[in-house]
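Here is what each chain is made of, one letter per residue.
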Amino acid sequence: MSSRTGQGIVSRRRNAVAAWLLVACLAAATLASASAGDLLWAGFGVAAIAVVVVPSVAYRRWTATLPWEVLAFVALPFAGQPLGLLPRPAATFLVVPALALAIVVEFDAFTAVEMSPGFAVLFAVTTTMATAGAWAVVQWVADLTLGTQNLTGLRQVMWSLVAATGAGVVAGALFAAYFRRVDAQRLGFRTGESRERAAPPRTSDRASGRRLQLSDRRQQQLVRAFQLALVAVLFVGVARASVGIVVNAGVALVLLELPGVLERNYRLPIDTGLLLWIVVPVFLHAIGTVGLYQSIGLWDQLTHAMSASLVAAAGYTTVRAFDVHYEDVYLPQKFVAAFILLFTLAFGVLWELLEFALDGLASATGTESVLAQYSLANTMLDLVFDAVGGVVVALWGAAHLSDVSQTLAARLTAERESE
């Protein structure tokens with residue numbers, strides 16, 4: 001036991017020496033960027049340093065560092081940028097998945113979080129896409145406020161997001177194949193946090209009583225009213241010979257049946273609040289295609305924020321259900337809140353990539369695109385409002401979704417026991 005511990009300490013110290021040398025290189029590259037007037041990239045370097053030194057600060061031990069391979073992955077793009085060895089797009093392409101990988105390793109090696117291999121890959125991809133989207137927004141804001149020219153156009157941004165998504169898949173595979181096996185052996189840091197699962201938050205009876213409650217019949221009448229309005233939108237699309245309006249209205253009509261299917265076939269508790277949470281964003285998006293997106297400036301952002309909150313709610317429910325059900329997955333509440341925000345941003349990036357792909361397909365075939373991107377500013381604002389929807393769910397959505405997540409977890413357990 002003592003020899004193993006000694007070997008572990010030696011390995012940890014050697015790793016820490018190499019890691020701090022790489023942090024010093026990262027700091028030097030950041031200073032070089034700042035002295036050259038590239039303040040935005042220097043700020044990104046400061047953020048990277050802050051990420052990689054979190055374990056040492058949290059544990060107050062100089063040996064609490066990431067694996068040196070991860071830090072090399074982070075530092076090399078920053079070092080190559082001020083020396084002119086890497087163009088900015090290539091450096092960004094490398095550093096974004098590197099930071100995502102660093103965050104995943106930190107959670108796995110230095111916290112009570114326990115991730116299955118599949119969830120670890122999902123988390124790496126999600127973090128990469130969210131980081132890439134956030135970095136694009138930061139550059140766009142800098143261009144508007146500082147007069148810089150970091151982003152040359154929407155097409156460049158979209159291809160960089162495509163590259164980051166692919167790199168995120170590689171980063172997730174690297175973590176699952178290598179770092180997840182070596183981090184605990186080499187680093188050996190774990191918090192003293194108990195793995196006992198906390199009960200999900202529930203609202204009090206008084207709070208529940210204040211919720212909007214409708215009978216099943218009234219809920220059905222409400223959904224039918226939305227459906228009738230969408231049928232009218234569908235006829236408008238047919239009259240205009242607009243494929244986009246017809247497809248969006250048709251998909252919305254199908255999705256309006258989702259709450260009934262979830263409650264009837266899967267016995268998930270869908271109260272009136274959840275019902276409206278599901279159907280209103282779908283309805284607003286569909287009716288927006290008849291001209292509201294063009295005539296009302298914030299209609300697009302409103303629907304994005306509401307749709308993002310719905311995506312975040314689905315993500316929260318699923319993650320909490322898997323956390324309760326699977327023994328090899330442990331996700332504390334604070335981690336779940338952070339993951340939901342990342343998940344929502346990543347889904348926003350995925351949605352923009354879908355719009356980009358459909359636009360490209362429509363241009364190549366000479367047909368009308370079902371979904372369209374209007375401008376760089378519109379896309380960046382979409383990502384900002386996606387983040388707003390994610391924050392709302394991360395802060396206040398848990399109490400409204402706990403019943404659904406508990407029911408889903410119970411169903412998973414019952415299905416496993418029946419096999």
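Keep in mind that this is a model prediction, so the values were computed, not measured.

Colleague: What am I meant to see in the overall build of the chain here?
Modeller: Regarding its fold elements, the chain presents 16 helices and zero strands. Counting only residues that meet the buried cut, the chain has 46% of its 419 residues in that class. Counted over contacts in the chain with a minimum sequence separation of 6, partners at least 24 positions apart contribute 77%. Carbon together with sulfur atoms contributes 67% to the accessible area of the chain, which is approximately 20400 Å² in total.

Colleague: What's the story with unusual backbone geometry in this structure? I'm lost.
Modeller: Glycine aside, the phi torsion of most residues is negative, and most peptide linkages are trans. In this model, Arg60 sits at a positive phi of 55°, which is unusual for a non-glycine residue. Mapped onto the secondary structure, Arg60 falls in the loop between helix H3 (54-59) and helix H4 (68-80). Positive phi outside glycine occurs at Ala241, with the angle close to 55°. Position of Ala241 relative to the elements: it lies in the loop between helix H9 (216-240) and helix H10 (243-255). Given the relative accessible area of 63%, Ala241 is considered exposed.

Colleague: Is there a simple way to explain the packing of helix H5 (residues 88-110) against helix H6 (residues 117-146) in this structure?
Modeller: Describing two packed helices takes the angle between their axes plus the distance from one axis to the other. One way to put it is that H5 packs onto H6 with a least axis distance of 9 Å and a crossing angle of 135°. In terms of axis orientation, H5 runs oblique to H6. Between H5 and H6 lies a crossing whose hand is right-handed. Here Thr92, Val96, Pro97, Ala100, Ile103, Val104 and Phe107 of H5 lie close against H6, whose contacting residues are Ala120, Phe123, Ala124, Thr127, Thr128, Thr131, Ala132 and Trp135.

Colleague: Would you explain empty space enclosed by the protein in this entry?
Modeller: Where empty space is left in the structure can be found by rolling a water-sized probe over the atoms. The full count for this structure, using the stated rule, is one cavity of 30 Å³ or more. Together, Ala19, Trp20, Val23, Val52, Val53, Ser56, Thr65 and Leu71 line the largest cavity. The greatest single-element share of the lining of the largest cavity, amounting to three residues, is contributed by helix H1 (residues 2-35). Classifying every residue of the lining of the largest cavity gives six nonpolar, two polar and no charged.

Colleague: Whenever I open this one, the nonpolar core confuses me. Can you help?
Modeller: A general trend in soluble globular proteins is that nonpolar side chains are found buried together. Residues Phe44, Leu66, Phe78, Met115, Phe119, Leu331 and Met380 are the most contacted members of the largest nonpolar core, which totals 68 residues. Apart from residues no more than four positions distant in its own chain, Leu66 is found in contact with Asn15, Ala19, Val52, Leu71, Ala102, Val105, Glu106 and Phe110. Listed in part, the 15 residues of the second largest apolar core include Leu230, Leu253, Leu284 and Ala286.

Colleague: Please explain helix H14 (residues 333-365) as it appears in this structure.
Modeller: Because the α-helix completes a turn every 3.6 residues, residues three or four places apart line up on one side. Along its 33 residues, H14 runs 47 Å from first to last C-alpha, staying within 8% of the 48 Å computed at 1.5 Å per residue. Phi for Gly366, located one or two positions after H14, is positive at around 70°.

Colleague: What is the right way to read a nonpolar patch on the surface from this model?
Modeller: Side chains of Val17, Trp20, Leu21 and Trp62 sit close together on the surface and give an oily, nonpolar patch of about 410 Å² of accessible area. Relative to the helices and strands, Trp62 resides in the loop between H3 and H4. Owing to a relative accessible area of 46%, Trp62 belongs among the partly exposed residues under this scheme.

Colleague: So what exactly am I meant to see when it comes to the confidence of the model for the chain here?
Modeller: One rule of thumb: low pLDDT means the predicted coordinates there are not for detailed reading. Model confidence for the chain is summarised by a mean pLDDT of 75, while 74% of its residues fall at 70 or above. Helix H8 (residues 205-210) is the least confidently modelled element of the chain, averaging 38 in pLDDT, while helix H2 (residues 39-52) averages 90, the highest of any element. Note on residues 189-195: pLDDT under 50 across the span, and 26 contacts to partners over four residues away in sequence or across chains. Taken together, the stretch residues 197-211 has pLDDT below 50 and engages in 26 contacts with residues farther than four places along the chain or on a different chain.

Colleague: Is there a simple way to think about the side chain of Thr379 in this case?
Modeller: Relative to the helices and strands, Thr379 is located in helix H15 (residues 376-396). Sequence-distant contacts of Thr379, that is, excluding residues within four places in its chain, are made with Leu154, Met158, Glu352 and Gln373.

Colleague: It is not clear to me how H5 should be interpreted in this structure. Could you clarify?
Modeller: Between its first and last C-alpha atoms H5 spans 32 Å; for 23 residues at 1.5 Å apiece the expected length is 33 Å, and the two agree. Most of H5 is tucked away: 17 of the 23 residues are buried.

Colleague: Just checking my understanding: could you explain the packing of aromatic side chains for this structure?
Modeller: One pair of aromatic rings is described through two measures. These are the centre distance and the angle between the planes. Counted by the stated rule, this structure contains 13 aromatic pairs. Here the aromatic rings of Phe107 and Phe123 are separated by 5.7 Å at their centres, their planes lie at 75°, and the arrangement is edge-to-face. In this pair, Phe107 is assigned in helix H5 and Phe123 in helix H6, connecting sequence segments 16 residues apart. Since its relative accessible area comes to 23%, Phe107 is described here as partly exposed.

Cut-offs and rules
Residues numbered from 1 in each chain as written. Predicted model: local features only at pLDDT ≥ 70, side-chain atom pairs only at ≥ 80, totals over all residues. Heavy atoms only, no water. Helix = DSSP H or I, 4+ residues; strand = E, 2+ residues; numbered from the N terminus. Buried < 20%, exposed > 50% of the residue type's maximum accessible area, 1.4 Å probe, protein only. Contact = heavy atoms within 4.5 Å. Areas by Shrake-Rupley, 256 points an atom, 1.4 Å probe, with all protein chains shown as cover. Axes fitted to C-alpha atoms, helices over the stretch in contact; angles between N-to-C directions. Parallel < 35°, antiparallel > 145°, perpendicular 65-115°, else oblique. Left-handed = near helix turned anticlockwise from the far one by under 90°. 1 Å grid on protein atoms, 1.4 Å probe; cavity = no way out; pocket = protein on both sides within 12 Å on 5 of 7 lines; lining within 4 Å. Points joined across faces, edges and corners; volume = space filled by probe spheres on them. Nonpolar A, V, L, I, M, F, W, Y, C, P; charged D, E, K, R; others polar. Core = buried A, V, L, I, M, F, W, Y, C linked by side-chain atoms within 4.5 Å. Expected span 1.5 Å × (residues − 1). Patch = residues over 30% accessible without salt bridge, like charges linked within 9 Å, V, L, I, M, F, W, Y side chains within 5 Å. Salt bridge = Lys/Arg side-chain N within 4 Å of Asp/Glu carboxyl O. pLDDT = per-residue confidence, 0-100. Phe/Tyr/Trp six-rings, centres within 6.5 Å; stacked < 30°, edge-to-face > 60°.

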